[in-house]
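Spelled out, the chains give:
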Amino acid sequence: GAGVSQSPSNKVTEKGKDVELRCDPISGHTALYWYRQSLGQGLEFLIYFQGNSAPDKSGLPSDRFSAERTGGSVSTLTIQRTQQEDSAVYLCASGSPPGGDTQYFGPGTRLTVL
Amino acid sequence: EDQVTQSPEALRLQEGESSSLNCSYTVSGLRGLFWYRQDPGKGPEFLFTLYSAGEEKEKERLKATLTKKESFLHITAPKPEDSATYLCAVPYSGGSNYKLTFGKGTLLTVNP
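K.L.:
A description of the overall build of chain A should follow, citing residues and the corresponding values.
P.N.:
In terms of regular secondary structure, chain A is built from zero helices and eleven strands. Overall, chain A shows an N-to-C arrangement of helices and strands of β-β-β-β-β-β-β-β-β-β-β. For chain A, the C-alpha radius of gyration of 13 Å lies close to 13 Å, the compact-globule estimate for 114 residues. When its C-alpha atoms are laid out on the principal axes, chain A stretches across 40 × 25 × 25 Å. For chain A, the residues scored as buried account for 48% of the 114 residues in total. Counting contacts in chain A only where the partners sit at least 6 residues apart, residues at least 24 apart contribute 53% of the total. A total of about 5,200 Å² of accessible surface is found on chain A, and carbon and sulfur atoms cover 46% of it. A distance of 4 Å separates the average location of the 10 positive side-chain charges in chain A from that of its 11 negative side-chain charges.

Quick look at the structure:
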């Protein structure tokens, strides 16, 4: 079946511009997670959705970062006024806890802020 | 705070040379330990989940084991196509939130 998809695969933007990253989870998965992977760093948790609500936003690095999920499916991660330190690969994962706690990852969006 | 440490950071093997990767963790109330493989430019690919000490799982040339403090990923007679970064992760120990804490990974290179 179809896995997690993300778009765009690559995004180059200028400092100060806003960007939107999209995630399409596996159909039927209730949980959705955003992570960030920077050079030299491990994967860092950003935000967790259960259905359309986000009970854990503790990993968002600043108020420039926001995310939403609609229809219990697609999620969008928005970064406002991008900074060079936002450059990273943004990964989305979905799963169906608590009975199915394995998270399946998408291919990621590589964001480069010039 | 949950912590995951992987060693070595990098490992270079000759084809057919077996070895092991280590993942040590400190977490209260372990709800599983996950192994992923990540190829360059791709997202992590799920390999195994282990839930209790003594558990083992195998897939082709890979075998994952778990103790109360660490997990090992054993690679038997590796091939060049096993070259990748191997990540381990543990889920958050509270409620229905399974957000993962990852180690920094082991970069495995298998030379022909």
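Moving on, there is more to tell.
K.L.:
Could you give an account of the sheet that holds strand 3 (residues 19-26) of chain B, with specific residues and numbers?
P.N.:
All names here are of chain B. Overall, antiparallel pairing links the five strands, which are arranged 1-3-8-7-6 in an open sheet. The strands lining the two open edges of the sheet, one partner per strand, are strand 1 (3-7) and strand 6 (56-59). Across the sheet, the axes of successive neighbouring strands diverge by a mean angle of 15°, strand direction being ignored. The pairing of strand 7 (residues 62-66) with strand 8 (residues 70-75) spans five bridges and is classified as antiparallel. Looking across to strand 8, one finds that Thr65 is bridged to Phe72.

K.L.:
Give a detailed account of the packing of aromatic side chains, specifying residues and quantitative values.
P.N.:
Within the structure shown, the criterion is met by eleven aromatic pairs over all chains. Where Phe105 of chain A meets Tyr36 of chain B, the ring centres are 5.4 Å apart and the plane angle is 90°; that geometry is what we call edge-to-face. Residue Phe105 of chain A is found in strand 10 (residues 100-105), and its partner Tyr36 of chain B is found in strand 4 (residues 33-38); the two belong to separate chains. By the burial criterion, Phe105 of chain A is buried, and Tyr36 of chain B matches it. Following the ring pairs from residue to residue traces out a cluster consisting of Tyr33, Tyr35, Phe45, Tyr48, Tyr104 and Phe105 of chain A together with Phe34, Tyr36, Phe46 and Phe102 of chain B. Cation over ring: Arg31 of chain B sits above Tyr98 of chain B, and NZ or CZ is 4.0 Å from the ring centre. The positively charged end of Lys99 of chain B is found above the aromatic ring belonging to Tyr92 of chain B, 4.8 Å away from the centroid.

K.L.:
Explain the pairing of strand 11 (residues 106-111) of chain B to me, and be specific about the residues and the numbers.
P.N.:
Residue and element names in this part refer to chain B. Burial along strand 11 is one-sided: the face carrying Thr106, Leu108 and Val110 is buried and the face carrying Leu107, Thr109 and Asn111 is not. As paired elements, strand 2 (residues 10-14) and strand 11 share five bridges and run parallel to each other. Within strand 11, the residue paired with Gln14 across the bridge is Asn111. Strand direction decides the pairing type here: strand 9 (residues 84-91) and strand 11, joined by three bridges, are antiparallel. Within the sheet, the bridge partner assigned to Thr85 lies in strand 11 and is Leu107.

K.L.:
Before we move on, could you go through the state of the cysteines and cite the residues and values that matter?
P.N.:
Throughout the structure, instances matching the rule amount to two disulfides over all chains. Covalently, Cys23 of chain A is tied to Cys92 of chain A through a disulfide, its sulfur atoms 1.8 Å apart. The S-S bond linking Cys23 of chain A to Cys92 of chain A shows a torsion near -60°; that makes this disulfide left-handed. Taken together, the residues span a long stretch of sequence, with Cys23 of chain A in strand 3 (residues 19-24) and Cys92 of chain A in strand 9 (residues 88-96) at a distance of 69 residues. Accessibility assignment for this pair places Cys23 of chain A and Cys92 of chain A in one class, buried. Covalent S-S linkage joins Cys23 of chain B and Cys88 of chain B, the inter-sulfur distance amounting to 1.9 Å. Of note, the bridge from Cys23 of chain B to Cys88 of chain B carries an S-S torsion of about 80° and is right-handed in sense. Taken together, the positions of Cys23 of chain B in strand 3 and Cys88 of chain B in strand 9 put the pair 65 residues apart, joining distant regions of the chain.

Procedures and definitions
- Residues numbered from 1 in each chain as written.
- Chains lettered and ligands numbered in written order.
- Predicted model: local features only at pLDDT ≥ 70, side-chain atom pairs only at ≥ 80, totals over all residues.
- Heavy atoms only, no water.
- Helix = DSSP H or I, 4+ residues; strand = E, 2+ residues; numbered from the N terminus.
- Rg over C-alpha atoms; globule rule 2.2 N^0.38 Å.
- Buried < 20%, exposed > 50% of the residue type's maximum accessible area, 1.4 Å probe, protein only.
- Contact = heavy atoms within 4.5 Å.
- Areas by Shrake-Rupley, 256 points an atom, 1.4 Å probe, with all protein chains shown as cover.
- Lys, Arg positive; Asp, Glu negative; His and termini not counted.
- Charge placed at Lys NZ, Arg CZ, Asp CG, Glu CD.
- Pairing = 2+ DSSP bridges.
- Axes fitted to C-alpha atoms, helices over the stretch in contact; angles between N-to-C directions.
- Phe/Tyr/Trp six-rings, centres within 6.5 Å; stacked < 30°, edge-to-face > 60°.
- Lys NZ or Arg CZ within 6 Å of the ring centre and 35° of its normal.
- Disulfide = S-S within 2.5 Å.

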